[in-house]
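Coordinate analysis (summary)
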Amino acid sequence: MQKMLVEGGHLLNGKVRISGAKNSAVALLPAAILADSEITLEGLPNISDVYTLASLLEEIGGHVSWGPDQTIHINPEHMISMPLPNGKVKKLRASYYFMGAMLGKFKKAVIGLPGGCFLGPRPIDQHIKGFEALGAEVTNEQGAIYLRADELRGARIYLDVVSVGATINIMLAAVKAKGKTIIENAAKEPEIIDVATLLTNMGAKIKGVGTDVIRIEGVPSLHGCKHTIIPDRIEAGTYTIAAAAAGEEVIIDNVIPQHLESLLAKLREMGVTVEEQDDQLYIASRGPLKSVDVKTLVYPGFPTDLQQPFTSLLTKAENTGVITDTIYSARLKHIDELRRMNAIIKVEGGSAIVSGPVQLEGARVKATDLRAGAALVIAGLMANGVTEITGLEHIDRGYEQMTEKLNALGANVWREDMTEEEIIQFQNS
């Protein structure tokens, strides 16, 4: 096990290139199951979630090979509907996309209940509602979800809550169903459009993606194709926040600016200079920052995945800012860690009230989930002294080569092996 050490006080300057979107990759890889011939995905992020999913594809008989520049070739011709009850499935929540893909391909699946970051209750009832509407029988047996269908038929499905996961999962199950499927109150995230683009290139008939009504006409078969993943808007947002918190002049490269409009609006409101180009952002933060209030919403609102990194930035701003997470109310475990670093933050319900500006101090802290880890790294960049961060398995799930990218911008960040005593303390904390 390793820990990350961040020495504060080094201003960020230069250019950082954003990797492919994690939240696209974790759906694109299972989507390859639906094809009858080879799928090539280009520009995947070099993160642990991608390799976990690739190994799951191999477990069910897929042939997986890697090319240069994070290109993967997936041949699904010999895949079988093998149960995936636990093990690697428990490592990440997005393993639930195997439900929709395997149900669509084989009309049956056995998938362990998904793992990933614990952010409070995240039920998959809307996924199951969609599968049942398409004609599947869904049961929970000994901690695994069993899906069975004689055939899948198109249906009209209204999502009670806007859910990215349910929208994608139902789309995966419906593309080969007989007849027409209509998903109402669908999520609109760019990652959904990315998955639909892959499926369309495979021969699927999908309309309305990016709106709240998606229409799918089922097709009997899907073929292989080549697809390039979109840039990761959450990684881009994280480095944009880091540049605002601890940077002079930073260029964020390989980004789609319109995917980050809600974040960029808040940064401008705080006094950060933001300039947009076709696939780049220029970020400069020279004067004092003003606090703002933020409420997370479904896309195109402020992303829940950037709430935690943004909380760190608010500690630098003048006066009081309130950040409210309406998506995952339990996503506030980073607050206690920031308090160890001298942050002044109160929690009321699903809101964090941040008073500033304060000078953060280096401390020993623990990443409790993926985006909490990013928040602590940003805090460490702003802090006096050295911040020690444990729980790096969370950061590695979603950020490609974070240490190297930050150091290329002028930060002083490194990783060290933990001692046996530190490992015991970490496991007992």
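Structure: above.
Residues numbered from 1 in each chain as written. Predicted model: local features only at pLDDT ≥ 70, side-chain atom pairs only at ≥ 80, totals over all residues. Heavy atoms only, no water.

With respect to the overall build of the chain
A count of helices and strands for the chain gives 14 helices and 23 strands. Over its C-alpha trace the chain gives a radius of gyration of 22 Å, about what one expects of a compact globule, namely 22 Å for 429 residues. Counting only C-alpha atoms, the chain reaches 60 × 45 × 45 Å along its principal axes. Across the 429 residues in the chain, those meeting the buried criterion constitute 58%. Residue pairs in contact within the chain that sit at least 24 positions apart in sequence constitute 73% of those at least 6 positions apart. For the chain, the accessible area works out to roughly 16,600 Å², and carbon and sulfur atoms hold 48% of it. Charge separation in the chain, taken as the distance between the mean sites of 42 positive and 52 negative side-chain charges, equals 6 Å. (Helix = DSSP H or I, 4+ residues; strand = E, 2+ residues; numbered from the N terminus. Rg over C-alpha atoms; globule rule 2.2 N^0.38 Å. Buried < 20%, exposed > 50% of the residue type's maximum accessible area, 1.4 Å probe, protein only. Contact = heavy atoms within 4.5 Å. Areas by Shrake-Rupley, 256 points an atom, 1.4 Å probe, with all protein chains shown as cover. Lys, Arg positive; Asp, Glu negative; His and termini not counted. Charge placed at Lys NZ, Arg CZ, Asp CG, Glu CD.)

Digging into a nonpolar patch on the surface
A surface patch of nonpolar side chains, amounting to about 180 Å² of accessible area, comprises Val162, Val298 and Ile327. Accessibility expressed as a relative area gives 32% for Ile327, which makes it partly exposed. (Patch = residues over 30% accessible without salt bridge, like charges linked within 9 Å, V, L, I, M, F, W, Y side chains within 5 Å. Salt bridge = Lys/Arg side-chain N within 4 Å of Asp/Glu carboxyl O.)

So, the pattern of salt bridges
Applying the stated criterion to the full structure yields 22 salt bridges. A salt bridge links Arg340 to Glu337; its shortest N-O distance comes to 3.3 Å. Here the residue Arg340 and the residue Glu337 both occupy positions in helix H10 (residues 334-340), the gap between them amounting to three residues, near one helical turn. You can call Arg340 exposed: its relative accessible area is 54%. Of the charged contacts in the structure, one is a salt bridge between Arg415 and Asp396, with a shortest N-O distance of 3.0 Å. A residue pair is termed long-range when its members are at least 10 positions apart, and Arg415 in strand S23 (residues 412-417) and Asp396 in helix H12 (residues 392-398) qualify at 19 residues. Taking the relative accessible area as the measure of exposure, Asp396 reaches 27% and is therefore partly exposed. Overlapping salt bridges, with partners in common, bring together Lys3, Arg364, Glu388 and Glu422 in one network.

Focus on the nonpolar core
General note: in soluble globular proteins, nonpolar side chains tend to be found buried as a group. Counting residues in each nonpolar core, the largest one holds 74 residues, and the members touching the most others are Leu29, Leu41, Phe98, Leu172, Leu199, Met202 and Ile206. A per-element tally of this core places helix H5 (residues 164-174) first, with seven residues. Ignoring sequence-local partners within four residues, the contact set of Leu41 consists of Leu28, Leu29, Gln70, Thr71, Ile72, Ile74, Leu198 and His227. Formed by 67 residues, the second largest nonpolar core is a distinct cluster that contains Ala246, Val274, Ile335 and Leu370. (Core = buried A, V, L, I, M, F, W, Y, C linked by side-chain atoms within 4.5 Å.)

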